[in-house]
Amino acid sequence: MITKHTYVGGQPRPSGLEPFDKLYPATGEVIAKIEPTSLEQLDEVIAEAAEAQKAWAALSGTERGRVLLRAAKILQDRNEALSRVEVMDVGKAIAEAESGDVPSGPDALEYFGGIARDMPGTFHTYPGAVGFTQRVPLGVCAGIGAWNYPTQIACWKAAPALAAGNAFIHKPSEETPLVAYEIADALTEAGLPSGLFSIVQGDATIGRALCEHPGVAKVSLTGGVDTGKLIIKQSADTLKKVTLELGGKSPLIVFEDANLDDAVGVALSANFYTAGEVCSNGTRVFVHRSIADKFLAEVVRRTASIRVGDPMDRDVHMGALISETHMNKVLEYIEIGKAEGATLSAGGNRVRPQGFENGYFVEPTVFSGCTDNMRIVREEIFGPVMSVLVFDDEDEAVSRANDTFFGLGAGLMTTSLARAHRVADQLQSGSVWVNTYNICPPDLPFGGSKQSGFGRENSRFALEGYTETRSTYIDLNNFEGAY
Ligand code: NDP
């Protein structure tokens, strides 16, 4: 049994604290022991990060970028091995890990490695004086991750932070503590000096300590809305900068002029990718009444062909949910949906695939006949549960889609260009996808509005989030004082 520790500069740092178990979600077996980071160790890690950050920030963006580009290449070359670790962490299907989730990590390193050299400021002229602005790094930044996309989350936060000249400390979710070590190793091999990417392990105690520590300048969380609120409170005394990537209950609107095949395909992937454990999933599927029956019949037919089972089998579409607790929560929501009067049109049960009887698998599940006030429609389930709702006209669809305190993603299916723009413009969410879903290229910002959070991952906006603006004013003449 391997034991993993706090990790600095590619080296383990034992803390002597009681390790916790890391389980493989597909079998429920313990596959690793993880030693939490002690609070004394955290002080050390932060101090070393602060020291290393000074020299890192003094390098040119080009030099920093080269390290990230080398790390991206190392991770890309190891995509298969890395994906296996991501699967051990999350229990998701390897086909998804290899093709999308894991490559999105090095994609971010590649993107931010490329633009690290290009952080323009502004230039201002005055009579006898000039002024300019620069983006300067914040210092030591921390990431706190959710468990659904551990490679992506670590890289989406570390890449802009490092590109901008910060040191980065990552706390993965306790459920998915493994894959971050692969990223740390790649960065070390790529030449990242010790102290600039460190891993701390543990639960909310260590997360809270990161928020409260005066040596940390910024915390970026990917997690639930309630955790986001705690992060703000815990960060208040040190007035930390905070980015929050939180949950969602996103709408997907299927208009009567949509290509039906595409709409069904998009709805399935917007609900069942990563067993539905995706923050931006389009779980409230609004379908125009005139096509609702046909749409539902196709959704049900194609859902039946989704293969659930051994996550390491490349022919499997859907792997396990993250934990027994989470599986039970999802199954409980399915019971709530039935009790609320929604029609169970597909799935609804735990699955016990042969050889994986103790794993946390749930059938892809479709509820139809849903209404807006049902709990399965209002609350984030974070599992493979789609709710289908019917609407009659565009204004109604938009206002019902917006009737939520979440605002992470939204999708619409239409063949009308005018409608695509008109509706996209009215949807209250950080991202809108038209005729597709959950596509997040690294140069396009991703993040929430309303209670789905603030700040952005990816793009130049993320780089801004890991820097602040310094203004410099230079008087070109002798100083003429009043006294
Ligand atoms: P949680 O909010 O439970 O946890 C997220 C992280 O925060 C974990 O590392 C957790 O530690 C840590 N944490 C918990 N409490 C505190 C605290 N008081 N102070 C500091 N850190 C703390 O989310 P889950 O891991 O359960 O992930 C699911 C949630 O994440 C869903 O709501 C989902 O929508 C959201 N999410 C959002 C995404 C986005 O980009 N917007 C993407 C992916 C997920 P630990 O669990 O180890 O104790």
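These lines cover the structure that appears in this document, whether it is placed above or below. If you're wondering where the values come from, they're calculated on a predicted model, not measured in any experiment.

Regarding its fold elements, the protein presents 16 helices and 23 strands. The globule rule puts the C-alpha radius of gyration for 483 residues at 23 Å, and the 24 Å found for the protein is close to it. The buried share of the protein, reckoned over its 483 residues, is 57%. Restricting to contacts in the protein with at least 6 residues of sequence separation, those with at least 24 account for 73%. Only carbon and sulfur atoms are counted for the fraction: they give 51% of the accessible area of the protein, which is about 19400 Å².

The next subject is the packing of aromatic side chains. Across all of its chains, the model carries nine aromatic pairs by this definition. Between Phe168 and Phe197 the ring centres are 6.0 Å apart and the planes differ by 20°, which places this aromatic pair in the stacked class. Here the residue Phe168 occupies a position in strand S9 (residues 167-171), and Phe197 occupies one in strand S10 (residues 197-199), the gap between them amounting to 29 residues. Note on accessibility: Phe168 and Phe197 belong to one class, buried. The ring of Tyr181 has Lys4 lying over it, and the distance from NZ or CZ to the ring centre is 4.6 Å. Its guanidinium or amino end placed over the ring of Tyr466, Lys218 lies 4.4 Å from that ring's centre, counting from NZ or CZ.

Along the chain, the position of Ser220 falls in strand S11 (residues 218-222). At 2.9 Å, the side chain of Ser220 and the side chain of Lys157 are in polar contact. The contacts of Ser220, once residues within four sequence positions are left out, are Ala142, Gly143, Ile144, Lys157, Thr243, Glu457 and Tyr466.

A positive phi is found at Phe382, a non-glycine position, where the angle reads about 65°. Tracing the sequence through the fold places Phe382 in the loop between helix H13 (375-378) and strand S19 (385-391). The backbone of Asn435 shows a phi angle near 60°, a positive value even though the residue is not glycine. With respect to the element layout, Asn435 can be found in the loop between strand S21 (431-434) and strand S22 (453-454). Residue Asn435 is classed as partly exposed on the basis of its relative accessible area of 37%.

In this section: helix H11 (residues 292-303). Here H11 is 12 residues long and its end C-alpha atoms lie 16 Å apart, about the 16 Å a rise of 1.5 Å per residue gives. Considered for burial, the residues of H11 that qualify are Ala292, Phe295, Leu296, Glu298, Val299 and Thr303. Projected onto a plane normal to the axis of H11, the buried residues spread over an arc of 165° and lie on a single side. Of the residues in H11, the exposed ones pointing more than 90 degrees away from the buried face are Asp293, Lys294 and Arg301. At its buried positions, H11 is contacted by strand S13 (251-254), helix H10 (260-272), strand S14 (284-288), strand S15 (343-346), strand S18 (365-368) and S19.

With that out of the way, let us pick up helix H6 (residues 150-163). The terminal C-alpha atoms of H6, which comprises 14 residues, lie 20 Å apart, in line with the 20 Å expected from a rise of 1.5 Å per residue. Here H6 lies mainly inside the structure; 14 of its 14 residues are buried. Positive phi appears at Gly165, one or two residues downstream of H6, with a value of about 105°.

Right, let's get into the pairing of strand S8 (residues 140-144). In regular strands, side chains alternate between the two faces of the sheet. Most of S8 is tucked away, with five of its five residues classed as buried. Alternating positions in S8 separate into two faces, Val140, Ala142 and Ile144 on one and Cys141 and Gly143 on the other, with burial throughout. Here five bridges tie S8 to S9, and the two strands are oriented parallel to one another. The residue of S9 that forms the bridge with Cys141 is Phe168. Crossover connection from S8 via H6 to parallel S9: handedness right-handed.

The rules behind these values
- Residues numbered from 1 in each chain as written.
- Predicted model: local features only at pLDDT ≥ 70, side-chain atom pairs only at ≥ 80, totals over all residues.
- Heavy atoms only, no water.
- Helix = DSSP H or I, 4+ residues; strand = E, 2+ residues; numbered from the N terminus.
- Rg over C-alpha atoms; globule rule 2.2 N^0.38 Å.
- Buried < 20%, exposed > 50% of the residue type's maximum accessible area, 1.4 Å probe, protein only.
- Contact = heavy atoms within 4.5 Å.
- Areas by Shrake-Rupley, 256 points an atom, 1.4 Å probe, with all protein chains shown as cover.
- Phe/Tyr/Trp six-rings, centres within 6.5 Å; stacked < 30°, edge-to-face > 60°.
- Lys NZ or Arg CZ within 6 Å of the ring centre and 35° of its normal.
- Polar contact = N/O pair within 3.5 Å; in protein donor to acceptor, adjacent residues only side chain to side chain.
- Expected span 1.5 Å × (residues − 1).
- Arc of directions from axis to C-beta.
- Pairing = 2+ DSSP bridges.
- Right-handed = clockwise from strand over helix to strand, strands pointing away.

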